[in-house]
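Fold and contact review
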Amino acid sequence: MEKVKLTIVGAGPAGIATAVEAKEAGLNEIVILEKTDHICDTMVRLYHEGKRVDPFFMKVKVKPIGKLSIDTMSREQFLDFMKEVVEKYSLDIRFRHEVNKIKKKNDCFEIHAGKEAIFEAPIVVVAIGIFGRPVKPGYKIPKAISDKVFFGIPAKPLENKKILVVGGGNTAAEAACFLCEKNEVFLSYRRPKFFRLNPINLCAIEDKCKQGSIKLMMNTDIEGLEPQDDQVCVHFKDGQKMYFDAIDYCLGGSSPQAFLRSIGVEVEGKKPKVSEDGETNVKGLFLVGDLVVKKGTIMGAFNSAKRTVDGILKKYGDRYALLT
Ligand SMILES: Cc1cc2nc3c(=O)[nH]c(=O)nc-3n(C[C@H](O)[C@H](O)[C@H](O)COP(=O)(O)OP(=O)(O)OC[C@H]3O[C@@H](n4cnc5c(N)ncnc54)[C@H](O)[C@@H]3O)c2cc1C
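Residues numbered from 1 in each chain as written. Predicted model: local features only at pLDDT ≥ 70, side-chain atom pairs only at ≥ 80, totals over all residues. Heavy atoms only, no water.

In the nomenclature of an unreviewed UniProt entry, the protein chain is known as Pyridine nucleotide-disulfide oxidoreductase of Desulfofervidus auxilii.

Next up on the list: the packing of aromatic side chains. Under the criterion given, the structure shown has 6 aromatic pairs. Each ring, one from phenylalanine 151 and one from tyrosine 249, has its centre 5.5 Å from the other, and the planes form 20°; the classification is stacked. Residue phenylalanine 151 is found in the loop between β11 (149-150) and β12 (162-166), and its partner tyrosine 249 is found in strand β18 (residues 246-249); the two are separated by 98 residues along the sequence. A residue is classified by how much of its surface remains accessible, and tyrosine 249, at 2% relative accessible area, is buried. With a centroid separation of 6.3 Å and an interplanar angle of 80°, the aromatic rings of phenylalanine 286 and tyrosine 316 are classed as edge-to-face. Of the two residues, phenylalanine 286 is situated in strand β21 (residues 285-287) and tyrosine 316 in helix α7 (residues 298-316); the sequence distance between them amounts to 30 residues. Comparing phenylalanine 286 with tyrosine 316 shows no difference in burial state: the two are buried. (Phe/Tyr/Trp six-rings, centres within 6.5 Å; stacked < 30°, edge-to-face > 60°. Helix = DSSP H or I, 4+ residues; strand = E, 2+ residues; numbered from the N terminus. Buried < 20%, exposed > 50% of the residue type's maximum accessible area, 1.4 Å probe, protein only.)

What follows concerns the packing of helix α4 (residues 170-179) against helix α5 (residues 199-211). Relative orientation and spacing of two packed helices are given, respectively, by the angle between their axes and the distance between those axes. Where α4 meets α5, the axes come as close as 10 Å, and the angle between the chain directions of the two elements is 40°. Here α5 runs oblique to α4, going by the angle between their axes. The chirality of how α4 crosses α5 is left-handed. Together, Asn170, Ala173, Glu174, Ala176 and Cys177 of α4 and Asn201, Ala204, Ile205 and Lys208 of α5 make up the contact between the two elements. A per-class count over the contact of α4 with α5 returns 5 nonpolar, 2 polar and 2 charged. (Axes fitted to C-alpha atoms, helices over the stretch in contact; angles between N-to-C directions. Parallel < 35°, antiparallel > 145°, perpendicular 65-115°, else oblique. Left-handed = near helix turned anticlockwise from the far one by under 90°. Contact = heavy atoms within 4.5 Å. Nonpolar A, V, L, I, M, F, W, Y, C, P; charged D, E, K, R; others polar.)

A word on the site of the ligand. Every one of the 33 residues lining the ligand counts as a neighbour, but Glu34, Thr42, Tyr47, Asp54 and Asp290 are closest to it. At 3.0 Å, a side-chain N or O of lysine 51 approaches a nitrogen atom of the ligand. Between the ligand and the protein, one listed contact pairs an oxygen atom with a backbone N or O atom of isoleucine 298 at 2.8 Å. Contact with the protein chains hides 95% of the accessible area of the ligand, taken as 1000 Å² for the molecule alone. Contributions of two or more residues to the shell around the ligand are made by α1 (13-24), α2 (41-46), β4 (52-53) and α7. For the shell around the ligand, the leading source of residues is α2, giving 4 residues. (Near = heavy atom within 4 Å. Polar contact = N/O pair within 3.5 Å; in protein donor to acceptor, adjacent residues only side chain to side chain. Areas by Shrake-Rupley, 256 points an atom, 1.4 Å probe, with all protein chains shown as cover.)

Written out as C-alpha coordinates, the structure is:
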(Lines give C-alpha, C1' and ligand atoms only; values in the text may rest on other atoms or scores of the structure.)
Protein backbone atom coordinates (compact mmCIF):
# COMPACT_ATOMS: atom_id res chain seq x y z
CA MET A 1 0.00 0.00 0.00
CA GLU A 2 1.48 3.32 -1.12
CA LYS A 3 0.37 6.47 0.69
CA VAL A 4 0.05 9.80 -1.14
CA LYS A 5 -1.94 12.98 -0.50
CA LEU A 6 -3.62 13.30 -3.89
CA THR A 7 -4.41 10.50 -6.31
CA ILE A 8 -5.54 11.43 -9.80
CA VAL A 9 -7.17 8.71 -11.90
CA GLY A 10 -6.57 9.12 -15.64
CA ALA A 11 -3.74 10.85 -17.52
CA GLY A 12 -5.82 12.69 -20.11
CA PRO A 13 -5.99 16.50 -20.42
CA ALA A 14 -8.08 16.82 -17.23
CA GLY A 15 -5.90 14.53 -15.10
CA ILE A 16 -2.64 16.08 -16.27
CA ALA A 17 -4.01 19.63 -15.82
CA THR A 18 -5.15 18.73 -12.28
CA ALA A 19 -1.61 17.63 -11.39
CA VAL A 20 -0.14 20.78 -12.98
CA GLU A 21 -2.51 23.12 -11.11
CA ALA A 22 -1.91 21.22 -7.86
CA LYS A 23 1.87 21.45 -8.25
CA GLU A 24 1.65 25.15 -9.15
CA ALA A 25 -0.37 25.65 -5.95
CA GLY A 26 2.39 23.98 -3.94
CA LEU A 27 0.59 20.69 -3.26
CA ASN A 28 2.81 17.63 -3.11
CA GLU A 29 2.68 13.81 -2.92
CA ILE A 30 0.64 13.52 -6.07
CA VAL A 31 0.35 10.42 -8.20
CA ILE A 32 -1.52 9.88 -11.49
CA LEU A 33 -2.78 6.38 -12.28
CA GLU A 34 -3.30 5.69 -16.00
CA LYS A 35 -4.72 2.46 -17.38
CA THR A 36 -2.83 2.47 -20.70
CA ASP A 37 0.92 2.72 -21.32
CA HIS A 38 0.74 6.31 -22.59
CA ILE A 39 -0.84 9.68 -21.77
CA CYS A 40 -3.98 11.06 -23.45
CA ASP A 41 -5.40 7.77 -24.66
CA THR A 42 -8.50 9.41 -26.20
CA MET A 43 -6.27 11.39 -28.59
CA VAL A 44 -4.00 8.41 -29.26
CA ARG A 45 -6.88 6.01 -29.97
CA LEU A 46 -9.68 8.13 -31.40
CA TYR A 47 -8.09 11.16 -33.11
CA HIS A 48 -7.02 10.31 -36.63
CA GLU A 49 -3.45 10.97 -37.76
CA GLY A 50 -2.92 14.66 -38.48
CA LYS A 51 -6.30 15.65 -37.00
CA ARG A 52 -6.72 19.35 -36.36
CA VAL A 53 -7.19 19.90 -32.63
CA ASP A 54 -9.50 22.86 -32.17
CA PRO A 55 -9.70 24.79 -28.89
CA PHE A 56 -13.29 25.82 -29.81
CA PHE A 57 -14.47 22.31 -30.57
CA MET A 58 -18.08 22.52 -29.42
CA LYS A 59 -18.87 25.99 -30.70
CA VAL A 60 -18.06 27.36 -27.23
CA LYS A 61 -15.21 29.78 -26.79
CA VAL A 62 -13.58 28.73 -23.54
CA LYS A 63 -11.31 31.32 -21.99
CA PRO A 64 -8.34 29.74 -20.19
CA ILE A 65 -8.40 30.23 -16.42
CA GLY A 66 -5.49 28.01 -15.43
CA LYS A 67 -1.91 27.26 -16.46
CA LEU A 68 -2.73 25.17 -19.55
CA SER A 69 -4.29 26.29 -22.80
CA ILE A 70 -3.99 25.43 -26.50
CA ASP A 71 -4.27 27.09 -29.88
CA THR A 72 -5.29 25.19 -33.00
CA MET A 73 -2.68 22.51 -33.67
CA SER A 74 -2.39 18.96 -35.01
CA ARG A 75 -3.00 15.81 -32.96
CA GLU A 76 0.75 15.10 -33.02
CA GLN A 77 1.65 18.63 -31.84
CA PHE A 78 -0.93 18.35 -29.06
CA LEU A 79 0.51 15.04 -27.86
CA ASP A 80 4.05 16.51 -27.92
CA PHE A 81 2.78 19.54 -25.97
CA MET A 82 1.24 17.30 -23.29
CA LYS A 83 4.44 15.20 -23.08
CA GLU A 84 6.44 18.40 -22.53
CA VAL A 85 4.00 19.43 -19.77
CA VAL A 86 4.48 16.05 -18.06
CA GLU A 87 8.26 16.47 -18.22
CA LYS A 88 8.30 20.13 -17.19
CA TYR A 89 6.28 19.41 -14.05
CA SER A 90 7.94 16.02 -13.40
CA LEU A 91 4.54 14.39 -13.02
CA ASP A 92 4.55 10.98 -11.38
CA ILE A 93 2.40 8.89 -13.73
CA ARG A 94 2.02 5.18 -13.10
CA PHE A 95 1.13 3.54 -16.40
CA ARG A 96 -0.81 0.28 -16.79
CA HIS A 97 -2.63 1.08 -13.55
CA GLU A 98 -6.32 0.69 -14.29
CA VAL A 99 -8.33 1.76 -11.28
CA ASN A 100 -11.16 -0.68 -10.72
CA LYS A 101 -12.19 0.12 -7.16
CA ILE A 102 -12.18 3.17 -4.88
CA LYS A 103 -13.32 2.62 -1.32
CA LYS A 104 -13.65 5.22 1.42
CA LYS A 105 -12.22 4.05 4.74
CA ASN A 106 -12.64 6.58 7.52
CA ASP A 107 -11.13 9.81 6.16
CA CYS A 108 -9.08 8.13 3.47
CA PHE A 109 -9.62 6.39 0.14
CA GLU A 110 -8.25 3.02 -0.80
CA ILE A 111 -7.63 2.98 -4.55
CA HIS A 112 -7.21 -0.39 -6.25
CA ALA A 113 -5.33 -0.32 -9.54
CA GLY A 114 -5.00 -3.65 -11.26
CA LYS A 115 -4.65 -6.83 -9.25
CA GLU A 116 -2.11 -5.80 -6.69
CA ALA A 117 -1.38 -2.08 -6.57
CA ILE A 118 -3.22 -0.30 -3.81
CA PHE A 119 -2.84 3.39 -3.04
CA GLU A 120 -4.16 5.30 -0.07
CA ALA A 121 -5.01 9.00 -0.30
CA PRO A 122 -7.26 11.47 1.51
CA ILE A 123 -8.14 13.25 -1.76
CA VAL A 124 -8.98 11.58 -5.08
CA VAL A 125 -9.66 13.28 -8.40
CA VAL A 126 -11.26 11.06 -11.03
CA ALA A 127 -10.40 12.16 -14.59
CA ILE A 128 -11.29 9.11 -16.68
CA GLY A 129 -13.39 10.86 -19.34
CA ILE A 130 -16.27 9.28 -21.21
CA PHE A 131 -14.66 7.83 -24.32
CA GLY A 132 -13.77 4.48 -22.77
CA ARG A 133 -17.48 3.70 -23.27
CA PRO A 134 -18.64 4.79 -26.72
CA VAL A 135 -22.40 5.25 -27.12
CA LYS A 136 -23.76 2.26 -29.01
CA PRO A 137 -26.99 2.04 -31.00
CA GLY A 138 -30.10 0.56 -29.38
CA TYR A 139 -30.30 -2.39 -31.82
CA LYS A 140 -28.05 -5.44 -31.65
CA ILE A 141 -24.95 -5.68 -33.80
CA PRO A 142 -24.68 -9.26 -35.14
CA LYS A 143 -21.40 -10.98 -34.19
CA ALA A 144 -20.79 -11.97 -37.83
CA ILE A 145 -20.18 -8.32 -38.77
CA SER A 146 -18.37 -7.12 -35.64
CA ASP A 147 -15.11 -6.80 -37.66
CA LYS A 148 -16.87 -4.35 -39.98
CA VAL A 149 -18.37 -2.14 -37.29
CA PHE A 150 -16.29 0.58 -35.63
CA PHE A 151 -16.77 3.20 -32.93
CA GLY A 152 -14.33 5.88 -34.04
CA ILE A 153 -11.48 5.78 -36.52
CA PRO A 154 -10.50 2.14 -37.24
CA ALA A 155 -7.01 1.31 -35.95
CA LYS A 156 -6.15 -0.39 -39.28
CA PRO A 157 -6.60 2.14 -42.09
CA LEU A 158 -9.47 1.43 -44.51
CA GLU A 159 -9.01 1.89 -48.25
CA ASN A 160 -11.34 1.55 -51.23
CA LYS A 161 -14.29 0.68 -49.04
CA LYS A 162 -17.87 1.87 -49.04
CA ILE A 163 -18.34 3.22 -45.50
CA LEU A 164 -21.36 4.51 -43.63
CA VAL A 165 -20.48 7.03 -40.90
CA VAL A 166 -23.30 7.47 -38.39
CA GLY A 167 -23.71 10.64 -36.30
CA GLY A 168 -24.16 14.39 -36.58
CA GLY A 169 -21.54 15.88 -34.27
CA ASN A 170 -18.00 17.11 -34.83
CA THR A 171 -16.47 13.66 -34.40
CA ALA A 172 -18.74 12.21 -37.12
CA ALA A 173 -17.96 15.10 -39.46
CA GLU A 174 -14.22 14.76 -38.91
CA ALA A 175 -14.33 10.96 -39.31
CA ALA A 176 -16.27 11.29 -42.60
CA CYS A 177 -13.83 13.91 -43.94
CA PHE A 178 -10.85 11.76 -42.98
CA LEU A 179 -12.23 8.46 -44.31
CA CYS A 180 -13.39 9.96 -47.62
CA GLU A 181 -9.78 10.61 -48.65
CA LYS A 182 -9.40 6.93 -49.49
CA ASN A 183 -12.94 5.54 -49.43
CA GLU A 184 -16.49 6.14 -50.63
CA VAL A 185 -18.25 7.70 -47.64
CA PHE A 186 -21.91 8.17 -46.74
CA LEU A 187 -22.92 10.11 -43.63
CA SER A 188 -26.21 9.19 -41.97
CA TYR A 189 -27.76 11.65 -39.50
CA ARG A 190 -31.26 11.38 -38.11
CA ARG A 191 -31.94 15.12 -38.11
CA PRO A 192 -32.71 17.30 -41.16
CA LYS A 193 -29.85 19.72 -40.40
CA PHE A 194 -26.51 19.78 -38.56
CA PHE A 195 -26.71 21.99 -35.49
CA ARG A 196 -23.74 20.92 -33.37
CA LEU A 197 -20.93 21.33 -35.90
CA ASN A 198 -18.36 24.06 -35.42
CA PRO A 199 -17.94 26.38 -38.44
CA ILE A 200 -14.72 24.68 -39.63
CA ASN A 201 -16.27 21.21 -39.71
CA LEU A 202 -19.49 22.49 -41.27
CA CYS A 203 -17.46 24.12 -44.05
CA ALA A 204 -15.36 20.98 -44.55
CA ILE A 205 -18.46 18.78 -44.84
CA GLU A 206 -20.09 21.18 -47.30
CA ASP A 207 -16.94 21.20 -49.45
CA LYS A 208 -16.64 17.41 -49.48
CA CYS A 209 -20.31 17.09 -50.41
CA LYS A 210 -19.89 19.56 -53.30
CA GLN A 211 -16.88 17.53 -54.51
CA GLY A 212 -19.00 14.39 -54.24
CA SER A 213 -16.61 12.67 -51.85
CA ILE A 214 -19.20 12.50 -49.03
CA LYS A 215 -22.85 11.66 -49.66
CA LEU A 216 -25.11 13.10 -46.98
CA MET A 217 -28.07 11.06 -45.80
CA MET A 218 -29.97 13.51 -43.60
CA ASN A 219 -33.19 12.48 -41.85
CA THR A 220 -32.20 8.84 -41.88
CA ASP A 221 -32.55 6.54 -38.92
CA ILE A 222 -31.18 3.02 -38.82
CA GLU A 223 -33.40 0.16 -37.69
CA GLY A 224 -30.82 -2.60 -37.72
CA LEU A 225 -27.83 -4.26 -39.36
CA GLU A 226 -27.62 -7.65 -41.01
CA PRO A 227 -24.69 -9.64 -42.44
CA GLN A 228 -24.90 -9.97 -46.21
CA ASP A 229 -22.14 -11.92 -48.01
CA ASP A 230 -19.00 -9.89 -47.26
CA GLN A 231 -20.94 -6.70 -46.51
CA VAL A 232 -23.29 -5.17 -43.98
CA CYS A 233 -26.89 -4.66 -44.99
CA VAL A 234 -28.26 -1.54 -43.29
CA HIS A 235 -32.03 -1.39 -42.78
CA PHE A 236 -33.35 2.15 -42.44
CA LYS A 237 -36.60 2.95 -40.66
CA ASP A 238 -38.17 4.26 -43.89
CA GLY A 239 -37.83 0.78 -45.42
CA GLN A 240 -34.70 1.60 -47.44
CA LYS A 241 -31.88 -1.02 -47.57
CA MET A 242 -28.24 -0.26 -48.40
CA TYR A 243 -25.01 -2.27 -48.42
CA PHE A 244 -21.68 -1.14 -46.98
CA ASP A 245 -18.22 -2.62 -46.35
CA ALA A 246 -17.95 -0.90 -42.96
CA ILE A 247 -20.04 1.12 -40.50
CA ASP A 248 -18.46 3.75 -38.26
CA TYR A 249 -20.57 4.95 -35.34
CA CYS A 250 -19.50 8.37 -34.01
CA LEU A 251 -22.15 8.88 -31.34
CA GLY A 252 -19.99 10.19 -28.51
CA GLY A 253 -19.19 8.65 -25.14
CA SER A 254 -21.10 7.88 -21.98
CA SER A 255 -20.37 8.50 -18.34
CA PRO A 256 -19.15 5.46 -16.35
CA GLN A 257 -22.19 5.40 -14.08
CA ALA A 258 -21.70 1.92 -12.63
CA PHE A 259 -18.12 2.76 -11.59
CA LEU A 260 -19.14 6.08 -10.03
CA ARG A 261 -22.11 4.52 -8.24
CA SER A 262 -19.84 1.78 -6.85
CA ILE A 263 -17.86 4.53 -5.07
CA GLY A 264 -21.09 5.99 -3.69
CA VAL A 265 -21.34 8.96 -6.06
CA GLU A 266 -24.88 10.21 -6.64
CA VAL A 267 -25.85 10.37 -10.31
CA GLU A 268 -28.64 12.61 -11.58
CA GLY A 269 -29.94 11.70 -15.03
CA LYS A 270 -26.82 10.86 -17.01
CA LYS A 271 -24.39 13.08 -15.09
CA PRO A 272 -22.89 12.68 -11.63
CA LYS A 273 -23.96 15.27 -9.07
CA VAL A 274 -21.08 17.61 -8.21
CA SER A 275 -20.55 21.01 -6.66
CA GLU A 276 -18.96 23.88 -8.65
CA ASP A 277 -15.47 22.66 -7.86
CA GLY A 278 -16.28 19.09 -8.94
CA GLU A 279 -16.59 17.59 -5.43
CA THR A 280 -19.10 14.76 -5.21
CA ASN A 281 -21.35 13.83 -2.30
CA VAL A 282 -18.43 11.60 -1.19
CA LYS A 283 -16.29 14.17 0.61
CA GLY A 284 -12.76 14.38 -0.76
CA LEU A 285 -13.70 12.75 -4.08
CA PHE A 286 -13.67 15.14 -7.05
CA LEU A 287 -14.53 14.63 -10.72
CA VAL A 288 -12.98 16.65 -13.55
CA GLY A 289 -13.03 16.92 -17.35
CA ASP A 290 -15.60 15.23 -19.58
CA LEU A 291 -17.16 13.51 -16.56
CA VAL A 292 -18.57 16.83 -15.37
CA VAL A 293 -18.41 19.55 -18.03
CA LYS A 294 -21.52 20.26 -20.10
CA LYS A 295 -19.72 20.22 -23.45
CA GLY A 296 -16.58 18.09 -23.47
CA THR A 297 -13.54 19.90 -24.83
CA ILE A 298 -9.84 20.02 -24.01
CA MET A 299 -10.05 23.63 -22.81
CA GLY A 300 -13.10 22.66 -20.74
CA ALA A 301 -11.05 19.85 -19.18
CA PHE A 302 -8.12 22.19 -18.41
CA ASN A 303 -10.44 24.76 -16.80
CA SER A 304 -12.36 22.20 -14.75
CA ALA A 305 -9.00 21.01 -13.34
CA LYS A 306 -8.20 24.57 -12.23
CA ARG A 307 -11.63 24.95 -10.57
CA THR A 308 -11.16 21.65 -8.77
CA VAL A 309 -7.69 22.48 -7.47
CA ASP A 310 -9.00 25.86 -6.26
CA GLY A 311 -11.77 23.94 -4.46
CA ILE A 312 -9.27 21.52 -2.89
CA LEU A 313 -7.17 24.46 -1.68
CA LYS A 314 -10.19 26.24 -0.24
CA LYS A 315 -11.62 23.20 1.51
CA TYR A 316 -8.52 21.21 2.44
CA GLY A 317 -5.56 23.53 1.76
CA ASP A 318 -4.89 24.66 5.34
CA ARG A 319 -4.65 21.06 6.55
CA TYR A 320 -3.25 19.45 3.35
CA ALA A 321 0.14 18.81 4.94
CA LEU A 322 -1.59 17.05 7.84
CA LEU A 323 -3.93 14.93 5.74
CA THR A 324 -3.13 11.24 5.87
C1 LIG B 1 -12.76 11.97 -32.18
C2 LIG B 1 -12.75 13.10 -31.19
C3 LIG B 1 -12.30 14.35 -31.60
C4 LIG B 1 -12.24 15.40 -30.68
N5 LIG B 1 -11.71 16.60 -31.06
C6 LIG B 1 -11.58 17.63 -30.16
C7 LIG B 1 -11.01 18.87 -30.53
O8 LIG B 1 -10.59 19.09 -31.67
N9 LIG B 1 -10.94 19.84 -29.58
C10 LIG B 1 -11.38 19.67 -28.30
O11 LIG B 1 -11.28 20.60 -27.48
N12 LIG B 1 -11.95 18.49 -27.92
C13 LIG B 1 -12.05 17.46 -28.82
N14 LIG B 1 -12.61 16.28 -28.43
C15 LIG B 1 -13.07 16.13 -27.03
C16 LIG B 1 -11.86 15.91 -26.12
O17 LIG B 1 -11.08 14.83 -26.60
C18 LIG B 1 -12.33 15.60 -24.69
O19 LIG B 1 -13.17 16.64 -24.25
C20 LIG B 1 -11.11 15.45 -23.75
O21 LIG B 1 -10.30 14.37 -24.17
C22 LIG B 1 -11.56 15.24 -22.31
O23 LIG B 1 -10.45 15.04 -21.48
P24 LIG B 1 -10.53 14.11 -20.15
O25 LIG B 1 -9.17 14.19 -19.55
O26 LIG B 1 -11.72 14.48 -19.37
O27 LIG B 1 -10.80 12.64 -20.68
P28 LIG B 1 -9.94 11.69 -21.69
O29 LIG B 1 -9.19 12.53 -22.67
O30 LIG B 1 -10.92 10.73 -22.22
O31 LIG B 1 -8.87 11.01 -20.74
C32 LIG B 1 -9.19 9.99 -19.84
C33 LIG B 1 -7.92 9.22 -19.48
O34 LIG B 1 -8.24 8.34 -18.39
C35 LIG B 1 -7.73 7.04 -18.64
N36 LIG B 1 -8.60 6.09 -17.92
C37 LIG B 1 -9.88 5.73 -18.21
N38 LIG B 1 -10.36 4.86 -17.30
C39 LIG B 1 -9.35 4.66 -16.40
C40 LIG B 1 -9.23 3.87 -15.22
N41 LIG B 1 -10.23 3.11 -14.76
N42 LIG B 1 -8.05 3.88 -14.54
C43 LIG B 1 -7.01 4.66 -14.98
N44 LIG B 1 -7.07 5.42 -16.09
C45 LIG B 1 -8.23 5.44 -16.79
C46 LIG B 1 -7.81 6.92 -20.17
O47 LIG B 1 -6.94 5.90 -20.65
C48 LIG B 1 -7.42 8.33 -20.61
O49 LIG B 1 -6.02 8.46 -20.77
C50 LIG B 1 -12.68 15.21 -29.34
C51 LIG B 1 -13.16 13.95 -28.94
C52 LIG B 1 -13.19 12.90 -29.85
C53 LIG B 1 -13.67 11.53 -29.40
